[in-house]
Amino acid sequence: QVQVVESGGGLVQPGGSLRLSCVASGFTFSSYAMSWYRQAPGKERELVVTITSAGGSTNYADSVKGRFTISRDNAKNTVYLQMNSLKPEDTAVYYCKLVLPGTNYWGQGTQVTVSS
């Protein structure tokens, strides 16, 4: 059974940092790309970044370029999102997404709040 579980969210002041983790299981983790999305209150869910199966290529949203870094550890079945220089507009629920043939899998999300 495929499972995707995010963690690491919390409350942080503007300019601060957080590292999110996404642990996935039930499939061959190293064979698939993984993505982080976010959804702010009253807004649609948006793509933050995608990383390829081997971690060799990434695709960042313009709003987070230079501040966020995605990485993966295939030995631990984990994808990370390092978020630096956080802004209030980064406040959202952050989701991890896996696309397998015919099905999308989402985690339950982790709340990130950037506020003084």
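Residues numbered from 1 in each chain as written. Predicted model: local features only at pLDDT ≥ 70, side-chain atom pairs only at ≥ 80, totals over all residues. Heavy atoms only, no water.

Peer 1: With reference to specific residues and values, describe the packing of aromatic side chains.
Peer 2: What describes a pair of aromatic rings is the distance from one ring centre to the other and the angle between the planes of the rings. Evaluation of the coordinates by the stated rule reveals 4 aromatic pairs. Taking 4.9 Å as the distance between ring centres and 70° as the angle between the ring planes, the aromatic pair formed by Tyr37 and Trp106 counts as edge-to-face. Residue Tyr37 is found in strand 4 (residues 34-39), and its partner Trp106 is found in strand 10 (residues 103-106); the two are separated by 69 residues along the sequence. When the centroid spacing of 6.3 Å and the interplanar angle of 90° are considered together, the rings of Tyr95 and Trp106 count as edge-to-face. In this pair, Tyr95 is assigned in strand 9 (residues 92-100) and Trp106 in strand 10, connecting sequence segments 11 residues apart. Looking at Trp106, the relative accessible area reads 33%, which means it is partly exposed. An aromatic cluster is defined as three or more aromatic residues linked by ring pairs; in this entry it consists of Phe27, Phe29 and Tyr32. (Phe/Tyr/Trp six-rings, centres within 6.5 Å; stacked < 30°, edge-to-face > 60°. Helix = DSSP H or I, 4+ residues; strand = E, 2+ residues; numbered from the N terminus. Buried < 20%, exposed > 50% of the residue type's maximum accessible area, 1.4 Å probe, protein only.)

Peer 1: Outline the sheet that holds strand 3 (residues 18-25), listing residues and values.
Peer 2: Taken in spatial order, the 4 strands line up as 1-3-8-7 in an open sheet, and their pairing is antiparallel. Two strands bound the open sheet, and with one partner strand each, they are strand 1 (3-7) and strand 7 (68-73). Strand-to-strand twist of the sheet, defined as the mean angle between neighbouring strand axes without regard to direction, takes the value 15°. Where strand 1 and strand 3 come together, 5 bridges link them in antiparallel fashion. Bridge pairing in strand 3 links Glu6 to Cys22. (Pairing = 2+ DSSP bridges. Axes fitted to C-alpha atoms, helices over the stretch in contact; angles between N-to-C directions.)

Peer 1: Please provide a residue-by-residue account of the nonpolar core, values included.
Peer 2: For soluble globular proteins, the rule of thumb is that nonpolar side chains tend to be buried together. Formed by 31 residues in total, the largest nonpolar core has its most connected members in Met34, Trp36, Phe68, Leu81, Met83 and Tyr94. Those elements giving two or more residues to this core turn out to be strand 3, strand 4, strand 5 (46-51), strand 7, strand 8 (78-83), strand 9 and strand 11 (110-114). The element that contributes the greatest number of residues to this core is strand 9, accounting for 5 residues. For Tyr94, the residues in contact, after removing those within four places along its chain, are Glu6, Leu20, Trp36, Tyr37, Arg38, Val48, Phe68, Leu81, Met83, Gly109, Thr110 and Val112. (Core = buried A, V, L, I, M, F, W, Y, C linked by side-chain atoms within 4.5 Å. Contact = heavy atoms within 4.5 Å.)

Peer 1: For the state of the cysteines, give the residues involved together with the corresponding values.
Peer 2: Counted under the stated rule, the structure contains 1 disulfide. With a sulfur-sulfur separation of 2.1 Å, Cys22 is cross-linked through a disulfide to Cys96. Its S-S torsion of approximately -90° makes the covalent link between Cys22 and Cys96 left-handed. Within this pair, whereas Cys22 is found in strand 3, its partner Cys96 is found in strand 9, the two being separated by 74 residues in sequence. A relative accessible area of 0% places Cys22 in the buried class. Classification of Cys96 as buried rests on a relative accessible area of 0%. (Disulfide = S-S within 2.5 Å.)

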